[in-house]
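Inside the fold
Chain residues, written in single-letter form:
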Amino acid sequence: MAKVKVATVWLESCAGCHMSFLDVDEFIIDLSKLVEFRRSPITDIKGFDDVTVGIVEGSVGNEEEKEVIEELRHHCKILMALGDCACFGGVCAMRNTLDKEAVLKRAYIDTPSTYKGKIPVAPGVPELLDKVYPANQIVKVDCYVPGCPPEPEAIKYGLTELLAGRIPVVPSNIMRFD
Amino acid sequence: MSEITLTINGKQCKGTQGDTVLEVCLANGIEVPTLCHYKGLLDIAACRMCLVEVEKERKPVPACAYPARDGIVVTTNSEKIEKYRRLVLELLFTERNHLCAYCVASGDCELQSLAYRYQMDNARYQYAWPNQTTDSSHPNIVMDHNRCILCGRCIRTCDEITGAHVLDFGKRGWKTNVCADINQPLGESSCISCGGCFQACPTGAIFSKISAYRGKPSECTSVESTCAICGIGCDIHGLVKNNRVVRIDSPDMTKPRGLLCEIGRFEPLYEAADRITTPLKRNNKGQLVNCSYEEAFEAIAKKFGTSDGIAGLASGKASTEALKAFADLMEKLGSKLVDTLDGDDCRTITQGIAKFDGKSGLDIEAKLEDILAADSIVVIGAHPTKTHPVIASYVMRAAAKNKANLVVIDPLRNPFTFRASVWLKPPEGKKEIIIGALGKSIVDHLPAKTATASNKYAATFKDIDVKKAGKDLGIDVHDIVKAGEVLAGSKNGVIIYGSGILQYKDAELVATILNLAALIGDKPRVISLKRYGNSRGAWDLGLVNAKGSVAADLAKCKASSLYTLLADDLTNSQELADSMKGVEFAVVQASYRSPVTEKADVVLPSLLWTESKGNYTSIDGISKKTVPMVKANAAIKADADTLKEVAKHLKK
């Protein structure tokens, strides 16, 4: 049987979800027999090809991230949101109570350690979106594994279910939001 | 109350007419998820988690507010209902900024655990991301509106249980928020800091500063004990982690003595002062140095053996066991000069009661529960909001809920005054004039039948001229007349008095208050606010000197030695230290360094009430037990044991 192709992307987040994914211990050996990782921060492959499962870690907070998640959605059959940021907005969504200008000013000008700061404007620096969005407010998401970071158990459960051809819903006992 | 039968999930369930569907469900072991429901509070159906289907109802109804009727058919667990509940959760999560990853309540949050239960792994709605504030102006309580679900549990607790009604909903519709007073910062509001709000809060919207991030309930051991601080004897539920009390809750706020106050909830969480951990002995350079228990006992035995007069002083902070051992020690020493630090209060009260009816003693005093049942309350010379806040809550509850007539006699504004039917503002002193005038005014308004019945008591006031009294006090006569008018009809009025009366050491005043109390009830109901957690226990043991204060004239009373059992008492220590000047040899048994221990020749360490097992008698005579919440320093002996050891070492 051909290996299932999986792509993962790391958007606005801390990479903790990918780390928690690596925390599934020996399951990763079994997994590598069944799955081929394409584009992923782990493989460092750039560019998309068509995959069966797309996994998104992180929320969508700027133009580039929006483009990436749209591209991933375009190339995958099933999209899984991994972690609180992708599922709900998470820590990144802290800025959502303020407007974009106030956030940029605070980060680049007002911070006590900043001397003569200015807001970066240059071609290639992606524009911030007005808010930080969870993945499902930008594209259609098929399943979710929340947690900050998600329990390795929950990640394992999610992938096992997907490999078995089912859409996973993390059971209550291993679901965590923190 | 007639019995009714409902069909819930196909099961026949019995209930009582007047129950809500939720109550019947809970009584029959059918679980219904709730958020805004809180035991003992009025249900307001704010959260919609408890939606159930009722046959013939057009749409799902909230079980907590739907009256159970005979024969209705209820479904609590259909697929449709479960779908609605998940929808409600998603709406709650998207309405404000519920971000568990950095919320203090994560792991101890009812909203979160419901979201887990309903496997809410995403929200289908647009997030509102409102710009909510966090109010941390209060020294102990933080209000984070980002996490609020507007269930109103804090508000109802503040109103129905604490009686303060500081919190309420402010603004309208989408902008509705919990606010204190007229939308003031909590720290500047009239909040009495009882902490009921954060105990009731199902999320992390209101939390205690000192308990935050110090341990979730799941990581703590919990201990059921009694608060021994002020003498009300409230039940407490302590959460302990790493041998530190991290949080104190009430096991059931709606029960009598279940409500907590600022003092009980927060004081034990702070280390108050310099702890004494070993016995200390004064060396020949005059410094207090560490020594062993044996050395300390020897030194005490040596001095006490040769001393001609030995006085003993005990604080009402010590447990009954310690006080009993203290009394035994003093008896062995043959000392007649034994007293408690608040002995004056006891003498004034008991002599006052003796003047009133000659016999009944302290048992004539009312129970705290009488306040809740009272139809009128007089507060005179007492500030329970500061000294016994739970009593203050009872008064405010009685005034708000039972419409009890509250008469406050105090020159200064306090949290009661705005709830008072009449607020009399006599100048400091002159308490006998105002009490007399009030008594006369009540007698004037008594219905003819009662007037004869309580003739004996009414006679006390018959010669008083209310007009003249008003003039003497500089207060409006109409106020006194009005106070008499509102109090005259009472059947079970309660009078609360405290240090403002007792400071005059005038037994006559206490007797007059009892007479006044007899006029506003079928029997006199008075409650005197005692200074220490176990004052009443010490008084009941007969530790109070009948003749007069020992502490006040230590210099005169020819005692060359003194044994002071201070326990964890830090009040008035300077005053006591000053009065110890003439004493040759002083032993002090205390938990903390204080001016008193600095005057001592031998200091013995003492446990805190949070560390020891003991009995404490409440101000209305109910004995309650404390259980050690934290493990004490093993080198410190229990108070009673120390005292017994001292007695054993005496040669006599």
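Residues numbered from 1 in each chain as written. Chains lettered and ligands numbered in written order. Predicted model: local features only at pLDDT ≥ 70, side-chain atom pairs only at ≥ 80, totals over all residues.

On to the overall build of chain B, then. Looking only at helices and strands, one finds 23 helices and 27 strands in chain B. For chain B, whose C-alpha radius of gyration is 29 Å, the value lies close to the compact-globule estimate of 26 Å for 652 residues. Seen through its principal axes, chain B has C-alpha atoms that stretch 90 × 70 × 45 Å. Across the 652 residues of chain B, 52% fall into the buried class. Residue pairs at least 24 apart in sequence account for 69% of intrachain contacts in chain B once pairs closer than 6 positions are excluded. (Helix = DSSP H or I, 4+ residues; strand = E, 2+ residues; numbered from the N terminus. Rg over C-alpha atoms; globule rule 2.2 N^0.38 Å. Buried ≥ 20, exposed ≤ 12 C-beta atoms within 10 Å, placed from the backbone. Contact = placed C-beta atoms within 7 Å.)

In this section: the overall build of chain A. A tally of regular secondary structure across chain A gives six helices and seven strands. Starting at the N terminus and walking to the C terminus, you meet the elements of chain A as β-α-α-β-β-β-α-β-α-α-β-β-α. In terms of overall size, chain A behaves like a compact globule, its C-alpha atoms giving a radius of gyration of 17 Å where 178 residues would be expected to give roughly 16 Å. Taking the principal axes of its C-alpha atoms as reference, chain A extends roughly 60 × 35 × 25 Å. Relative to its 178 residues, chain A shows a buried fraction of 40%. Across chain A, every contact between residues at least 6 apart in sequence was considered, and the portion connecting residues at least 24 apart equals 77%.

This next bit is on the sheet that holds strand E1 (residues 4–10) of chain A. Residue and element names in this part refer to chain A. Here five strands make up an open sheet; going across it, the order is E2-E1-E3-E5-E7 and the pairing parallel. Each having just a single partner strand, strand E2 (35–37) and strand E7 (143–145) make up the two edges of the open sheet. The average undirected angle you get between the axes of adjacent strands in this sheet is 30 degrees. The sheet contact formed by E1 and E2 spans three bridges and is parallel. Looking at the pairing, Val 4 lines up with Val 35 of E2. The sheet strands contacting helix H3 (residues 63–75) are E1, strand E3 (51–57) and strand E5 (76–82), and the helix crosses E3 at an angle near 155 degrees. (Pairing = 2+ DSSP bridges. Axes fitted to C-alpha atoms, helices over the stretch in contact; angles between N-to-C directions.)

So, on to the domain arrangement of chain B. All names here are of chain B. Each assigned domain of chain B is listed here: domain 1 (3–77), domain 2 (103–269), domain 3 (280–342 + 534–649) and domain 4 (345–528). Between the C-alpha centres of domain 1 and domain 2 the distance comes to 27 Å. The interface is formed by 12 residues belonging to domain 1 together with 15 residues belonging to domain 2. Its residues placed into classes, the side of domain 1 that touches domain 2 shows 10 nonpolar, one polar and one charged. (Domains from an automatic or database assignment. Nonpolar A, V, L, I, M, F, W, Y, C, P; charged D, E, K, R; others polar.)

All names here are of chain B. Spatially, E2-E1-E5-E3-E4 is the arrangement adopted by the five strands of the open sheet, whose pairing is mixed. Looking at strand neighbours, the two that pair on one side only are strand E2 (11–16) and strand E4 (61–62), the edges of this open sheet. Here two bridges tie strand E3 (residues 51–54) to strand E5 (residues 73–75), and the two strands are oriented antiparallel to one another. Residue Val 54 lies in a different strand from E5, and its bridge partner there is Val 74. Along the sheet, helix H2 (residues 79–95) contacts E3 and E5; its crossing angle with E3, the most-contacted strand, is approximately 150 degrees.

How big an interface is tends to be stated in terms of the accessible area lost upon association of its parts. Every contact between the two is made by 24 residues of chain A and, on the other side, 20 residues of chain B. Residue classes in the side of chain A that touches chain B are distributed as 14 nonpolar, seven polar and three charged.

Here the focus is the packing of helix H13 (residues 431–445) of chain B against helix H16 (residues 466–473) of chain B. All names here are of chain B. Closest axis-to-axis distance for the H13/H16 pair is 9 Å, and the angle between their directions is 150 degrees. The orientation of H13 relative to H16 falls into the category roughly antiparallel. Crossing of H13 against H16: the hand is left-handed. Residue-level contacts link Ile 433, Ile 434, Gly 436, Ala 437, Lys 440 and Ser 441 of H13 to Val 466, Ala 469, Gly 470, Asp 472 and Leu 473 of H16. Residue composition of the contact of H13 with H16, grouped by class: six nonpolar, three polar and two charged. (Parallel < 35°, antiparallel > 145°, perpendicular 65-115°, else oblique. Left-handed = near helix turned anticlockwise from the far one by under 90°.)

Right, let's get into the pairing of strand E12 (residues 235–241) of chain B. Residues and elements named next belong to chain B. With respect to burial, E12 is a largely interior element, five of its seven residues being buried. Here six bridges tie strand E11 (residues 221–226) to E12, and the two strands are oriented antiparallel to one another. What sits directly across from Thr 226, in E12, is Asp 235. Alignment of E12 against strand E13 (residues 244–249), held across five bridges, turns out to be antiparallel. Each residue of the ladder has a partner; that of Val 240, found in E13, is Val 245. Remark: two residues form the turn of the hairpin made by E12 and E13, two consecutive strands paired antiparallel; Asn 242 in that turn has positive phi of roughly 50 degrees.

Attention now moves to the environment of Val 407 of chain B. All names here are of chain B. With respect to the secondary-structure elements, Val 407 resides in strand E19 (residues 405–409). Overall, Val 407 belongs to the buried group, with 26 C-beta atoms counted inside 10 Å. As a C-alpha pair, Val 407 and Val 378 span 29 residues in sequence and 4.7 Å in three-dimensional space. For Val 407, the residues in contact, after removing those within four places along its chain, are Val 378, Ala 420, Ser 421, Val 422, Leu 424, Ala 483, Val 486 and Leu 487.

Time to look at the environment of Val 486 of chain B. All names here are of chain B. Locating Val 486 in the fold gives a position in helix H17 (residues 477–488). Residues Val 486 and Val 422 lie 64 residues apart in sequence; the distance between their C-alpha atoms is 8.5 Å. What Val 486 contacts, discounting residues up to four positions off in sequence, is Ser 376, Asn 405, Val 407, Ser 421 and Val 422.

All names here are of chain B. The contact between helix H7 (residues 293–306) and helix H23 (residues 639–649) brings their axes to 9 Å, and the two run at 50 degrees. The orientation of H7 with respect to H23, classified from their angle, is oblique. Crossing geometry of H7 relative to H23 is assigned as right-handed. Touching Phe 297, Glu 298, Ile 300 and Ala 301 of H7 are Glu 645, Val 646 and His 649, all from H23. Of the residues in the contact of H7 with H23, the class split is four nonpolar, one polar and two charged.

With that out of the way, let us pick up H23 of chain B. The periodicity of an α-helix, 3.6 residues per turn, causes residues three or four positions apart to be oriented the same way. Residues and elements named next belong to chain B. Within the span of H23, buried status applies to Asp 639, Ala 640, Thr 642, Leu 643 and Val 646. On an axial view of H23, the arc spanned by its buried residues comes to 160 degrees, and they lie on one face. Against H7, helix H8 (320–333), strand E23 (561–567), strand E24 (585–590) and strand E25 (602–605) lie the buried residues of H23. (Arc of directions from axis to C-beta.)

Residue and element names in this part refer to chain B. Its 12 residues give H17 an end-to-end C-alpha distance of 16 Å, which sits within 8% of 16 Å, the value for a rise of 1.5 Å per residue. Of all the positions in H17, only Ile 480, Ala 483, Gly 484, Leu 487 and Ala 488 are classed as buried. Down the axis of H17, the buried side of the element spans an arc of 125 degrees, and every buried residue falls inside it. Looking at the packing, one finds that the buried side of H17 touches strand E18 (376–380), E19, strand E20 (422–424), H13 and H16. (Expected span 1.5 Å × (residues − 1).)

A few words now on unusual backbone geometry. Along the chain, Cys 148 of chain A connects to Pro 149 of chain A via a cis peptide bond; the corresponding omega equals -10 degrees. Looking at where Pro 149 of chain A falls in the secondary structure, it is placed in the loop between E7 and helix H6 (152–163). Even without glycine at this site, Trp 129 of chain B takes up a positive phi of about 40 degrees. Mapping Trp 129 of chain B onto the fold places it in the loop between helix H3 (110–117) and strand E6 (134–135).

This part is about the nonpolar core. Val 56 of chain A together with Ile 377, Val 395 and Ile 513 of chain B are the most contacted members of the largest nonpolar core, which has 250 residues in total. Contact partners of Ile 513 of chain B, with chain neighbours within four places excluded, come to Ile 435, Ile 495, Tyr 497, Ile 501 and Val 526 of chain B. (Core = buried A, V, L, I, M, F, W, Y, C linked by C-beta atoms within 7 Å.)

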